[in-house]
Amino acid sequence: MIRAAITGVTSYVPKKVMTNFDLEKLVDTNDEWIVSRTGIRERHIAAEGEASSDMSVQAVEKLLKETGTKAEDIDAIIVATVTPDMLFPSTAALIQNKIGATKAWGYDLSGACSGFLFALKSGSSLVQTGHKKVIVVGVDTMSSILDYTDRNTCILFGDGAGAVLLEPTEDENYGIIDELLFVDGSGADALNMKAGGSRKPATHETVDAREHFIYQDGRSVFKRASMDMAQVSADILEKNGFTAEDVGIFIPHQANKRIIDVAARKAGFKDEQVLLNIDKYGNTTAATLPLGLDEVVREKRIKDGDLVLFAAFGAGYTWGSILLRYGPGKKG
Ligand code: UT7
């Protein structure tokens, strides 16, 4: 059976750093509250005019260079994002043009914080049906939809992009082994952006009502995220006959350190098996998982053949996990 292997990973965050102390000057909050309730100390914020496709291109060009891949050899580009440059055309199309991937097709998908998992599954299916080189991007410019007068949300998010290259491997031990992916749309009211779509097109009234910003009922999302991320992480291991001890690194979505702690504890991981970088980046939505993978690869916290477990939970609700064996394996 042909499997999709991750044969390269890169990421990009904008230069500008916004600390908790910077936020103290904007809203009624403080560093102690933010660190103790979320684990976040700072986040990166896009420069004026820097959009999701710009951040993605930074990550993708590095990916092409590091993997020795020619842009014209890319078959498809899939972009997970809730903050595309525009509603249309897709961010994938903009990236395709900017990097000169003349042969590639592609599309965006909206899975919020689980978006990278959904895109990875889509990319993996393309590889299994004949595509040879697929780029999967997770990117979000959350600062473009944050209300910096709302302390409930503006302290949580940051901007960033991550990209992986997927290629076929016939080595049955390598690549994406399994996925468990879910949607429960009854959660739509708890986390959303109300205006700017077909339900409420932009008007002066929607702008005045601050409906082009992210809304979140934090407590409801917190409860579901803690429960479902823990469950799905345990379930995918059991389904595939593994235990937490078999996993090299657990890369959970970085929304709140307390959610990660619950999920890691319930699934049975030791601290050293868990990627935690929320302190530096905050919640970058679709970018947290590739940012995490890039970090553990660069820091040599994983080696060829290690099991990697991704898990995420986000707006929709959406959630899920993907289990893979890291490294190229034998190319098909
Ligand atoms: O990635 C997508 C999925 N999203 C998530 O997974 C996020 C899930 N939710 C969370 O991470 C947490 O619910 C938050 C971090 C958003 C909030 O933490 P919490 O422990 O659930 O706090 P809370 O909303 O219950 O608020 C507790 C108190 C409230 O004051 P009162 O009503 O007790 O007087 C808030 O008004 O903290 C207050 N508060 C703040 N205080 C200082 C809320 N935001 C802030 C703030 N600074 N930034």
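Calculation criteria
Residues numbered from 1 in each chain as written. Predicted model: local features only at pLDDT ≥ 70, side-chain atom pairs only at ≥ 80, totals over all residues. Heavy atoms only, no water. Helix = DSSP H or I, 4+ residues; strand = E, 2+ residues; numbered from the N terminus. Rg over C-alpha atoms; globule rule 2.2 N^0.38 Å. Buried < 20%, exposed > 50% of the residue type's maximum accessible area, 1.4 Å probe, protein only. Contact = heavy atoms within 4.5 Å. Lys, Arg positive; Asp, Glu negative; His and termini not counted. Charge placed at Lys NZ, Arg CZ, Asp CG, Glu CD. Pairing = 2+ DSSP bridges. Near = heavy atom within 4 Å. Polar contact = N/O pair within 3.5 Å; in protein donor to acceptor, adjacent residues only side chain to side chain. Areas by Shrake-Rupley, 256 points an atom, 1.4 Å probe, with all protein chains shown as cover. Nonpolar A, V, L, I, M, F, W, Y, C, P; charged D, E, K, R; others polar. Domains from an automatic or database assignment. Phe/Tyr/Trp six-rings, centres within 6.5 Å; stacked < 30°, edge-to-face > 60°. Buried area = accessible area lost by both parts, 1.4 Å probe. Salt bridge = Lys/Arg side-chain N within 4 Å of Asp/Glu carboxyl O.

Colleague: So what's going on with the overall build of the chain? Residues and values would help.
Modeller: Broken down by element type, the chain carries 10 helices and 13 strands. Over its C-alpha trace the chain gives a radius of gyration of 19 Å, about what one expects of a compact globule, namely 20 Å for 332 residues. Dimensions of the chain, computed from C-alpha atoms along their principal axes, come out at roughly 55 × 45 × 35 Å. Within the chain, buried positions represent 55% of all 332 residues. For the chain, long-range pairs separated by at least 24 residues make up 77% of all intrachain contacts whose partners lie at least 6 apart in sequence. Taking the average place of the 37 positive charges on the side chains of the chain and the average place of its 46 negative ones, the gap between the two points comes to 2 Å.

Colleague: Lay out the pairing of strand β6 (residues 134–141) with the relevant residues and their values.
Modeller: Most of β6 sits out of view: 8 of its 8 residues are buried. Sheet topology note: the strand β4 (residues 76–80)/β6 ladder contains 5 bridges and is parallel. By the bridge assignment for β6, V79 is matched with V137.

Colleague: How would you sum up the site of the ligand? Please name residues and give values.
Modeller: If you check the shell around the ligand, you find 23 residues, and the closest are T29, R219, N256, R258 and N283. In the model, an oxygen atom of the ligand is placed 2.8 Å from a nitrogen or oxygen of the R37 side chain. Q216 places a polar side-chain atom, nitrogen or oxygen, 3.0 Å from a nitrogen atom of the ligand. Across the complex, the protein chains shield 78% of the 950 Å² of accessible surface that the ligand would expose by itself. For the shell around the ligand, the secondary structure elements donating two or more residues are α2 (31–38), α7 (218–239) and α8 (257–267). Looking at which element gives the most residues to the shell around the ligand, the answer is α7, with 4 residues. Tallied by class, residues from the shell around the ligand come to 10 nonpolar, 8 polar and 5 charged. Shared between two domains, the shell around the ligand holds at least three residues of each, these being domain 1 (3–169) and domain 2 (175–325).

Colleague: Tell me about the packing of aromatic side chains, and please be specific about residues and values.
Modeller: According to the stated counting rule, one finds 6 aromatic pairs in the structure shown. Their ring planes at 15 degrees and their centres at 4.6 Å tell us that F250 and F269 sit as a pair that is stacked. In this pair, F250 sits in strand β11 (residues 249–252) while F269 sits in the loop between α8 and α9 (278–281), placing the two residues 19 residues apart along the sequence. Residue classification places F250 among the buried residues on the basis of a relative accessible area of 0%.

Colleague: Kindly report on the side chain of N256, identifying the contributing residues and their values.
Modeller: Looking at the secondary structure, you find N256 in the loop between β11 and α8. Judged by relative accessible area, N256 falls into the buried class, the value being 8%. Within the structure, the side chain of N256 is placed 2.9 Å from the backbone oxygen of R37, a separation counted as a polar contact. Aside from chain neighbours lying at most four places away, what touches N256 is R37, T38, F222 and I278.

Colleague: Tell me what's going on with the domain arrangement of the chain, and back it up with residues and numbers.
Modeller: Domain parsing of the chain yields domain 1 (3–169) and domain 2 (175–325). Of note, the centres of domain 1 and domain 2, computed from C-alpha atoms alone, are 14 Å apart. Residue-level contacts link 53 residues of domain 1 with 47 residues of domain 2. With both chains or domains summed, domain 1 and domain 2 bury close to 3,900 Å², and 65% of this area falls on carbon and sulfur atoms. Here domain 1 is connected to domain 2 by 3 salt bridges.

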